Amino acid sequence: SICNHTMLFARAMADYWPQQDPAIPCADAGLPFQKGDILQIVDQSDSLWWQARKVSDLSRCAGLIPSNHLLKRRSMRLCRRKTQNSQSSFYSRCPTSCYHTVGAPYEEVVRYQRRPCDRHRLIILIGPSGVGVNELRKQLIDLNPLVFQSPIPHTTRQKKTYEENGREYFFVSKETFESMVYSHSFLEYGEYNGHMYGTNVESIKAVLDAGMICIVDLEPQGITGARTHELKPYIIFVKPPSKSCMRETRKNAFIITDYYVNMKFKEEDLQEIEESAKKMEAQFSQFFDQIVVNDNLQSATVQLMSIIHRAQDEPQWIPASWIC
Ligand code: 5GP
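Residues numbered from 1 in each chain as written. Predicted model: local features only at pLDDT ≥ 70, side-chain atom pairs only at ≥ 80, totals over all residues.

Naming follows an unreviewed UniProt entry, where the protein chain appears as Membrane palmitoylated protein 4 of Hymenochirus boettgeri. Quoted verbatim from the Sequence similarities (unreviewed entry) heading of the UniProt record, the comment on the protein chain is "Belongs to the MAGUK family." (UniProt positions renumbered as here; feature names shortened; annotations may be inferred.)

## What about the pairing of strand S13 (residues 234–239)?
Consecutive side chains of a regular strand alternate in pointing toward one face of the sheet and then the other. By the criterion of burial, S13 is predominantly enclosed, with 6 of the 6 residues buried. Burial of the side chains of S13 extends over both faces: Tyr234, Ile236 and Val238 are buried on one face and Ile235, Phe237 and Lys239 on the other. Pairing between S13 and strand S16 (residues 290–293): 4 bridges, direction parallel. Looking at the pairing, valine 238 lines up with valine 292 of S16. (Buried ≥ 20, exposed ≤ 12 C-beta atoms within 10 Å, placed from the backbone. Helix = DSSP H or I, 4+ residues; strand = E, 2+ residues; numbered from the N terminus. Pairing = 2+ DSSP bridges.)

## Considerations on the site of the ligand
Among the 10 residues in the neighbourhood of the ligand, the closest are listed as Pro153, Gly190, Tyr192, Tyr197 and Thr199. For the shell around the ligand, the secondary structure elements donating two or more residues are strand S10 (186–192) and strand S11 (195–200). No other element matches the 4 residues that S10 contributes to the shell around the ligand. (Near = placed C-beta within 6 Å.)

## Some points on the pairing of S11
Examined bridge by bridge, strand S8 (residues 154–155) and S11 share 2 bridges and lie antiparallel to one another. Residue histidine 154 lies in a different strand from S11, and its bridge partner there is glycine 198. Bridging between S10 and S11 involves 6 bridges; their strand directions are antiparallel. Along S11, the bridge assignment pairs glycine 190 with tyrosine 197.

## Brief notes about the domain arrangement of the protein chain
Interface size is commonly expressed as the accessible surface area that is lost when the partners come together. As far as domains go, the protein chain holds domain 1 (2–111) and domain 2 (115–314). Considered class by class, the residues forming the side of domain 1 that touches domain 2 number 3 nonpolar, 1 polar and 2 charged. (Domains from an automatic or database assignment. Nonpolar A, V, L, I, M, F, W, Y, C, P; charged D, E, K, R; others polar.)

## Examining helix H6 (residues 201–209)
For H6, the set of buried residues is Ser203, Ile204, Val207 and Leu208. Viewed along the axis of H6, the buried residues span an arc of 145°, placing them on a single side of the element. At the exit of H6 stands glycine 211, carrying a positive phi of roughly 85°. (Arc of directions from axis to C-beta.)

Here you go:
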């Protein structure tokens, strides 16, 4: 069973503050961590309290962390008492729902070094609408079209005369699109102007099979479906800079999204970008491999390029379940 399984390294799926955990045998001996941290589990002989170190700070002594088994037990207890307030600070800071959606409290991880013969890792860009994810993706591809590509989406809209099936889009009937939805072919799909658009796993694999680095911008809800051993996604969160920086850098910029076409950024838009980014981080930051602040398109593009190359060439932590 998972309780008896020896984990060497684990990714934390929630924050933990030992000082606020009334059950810890000795709070001073606890190891505080944040979700997304990679932990080296150095002792799991006790079924309730493990000893661990943060991989980012191996010079520090190991500290106590609640075991997988203990967290699962707490989570189950919390489920039963859904309406009551939790006594456990571990969970009071983290909505129970995040445990139910991601499953285990820790995700076992291993160090992965891509060999030259392996497919590239899928690069997923995530960020709030208006932060410039699409612009960054396009910029990367424009600068290096032989290295970076995005998958070709499917759509139900009519082909325009200058378009070619399989180049801009795969043009399909509504029925075909719907059957693809039912067979879970799409990583994400949406409606625009009365037509359906979606990105399927096969078109991502086609880019990877061609030896290129595939870049997609995805709604965060698509993360779970994309985290497979086949795609081994490396997830980059595109974060907005401070509002004053956005005011400065985006004062002459236009919002081009599904809802506002060619409208200048207003104060409310900046507020919305900031709030939406915070929500995304609260819910999904445990899955972010890297964060890039899009203070301006040029410097963010340069940063992204080096992050993406490192993600392909240097060892990275990936779920152990992706290696089998
Ligand atoms: P167009 O029909 O002008 O080529 O694209 C219009 C819009 O369709 C785009 O701006 C974008 O919002 C949406 N779109 C294009 N491809 C995709 C896709 O793969 N998924 C989703 N959800 N929307 C897409």
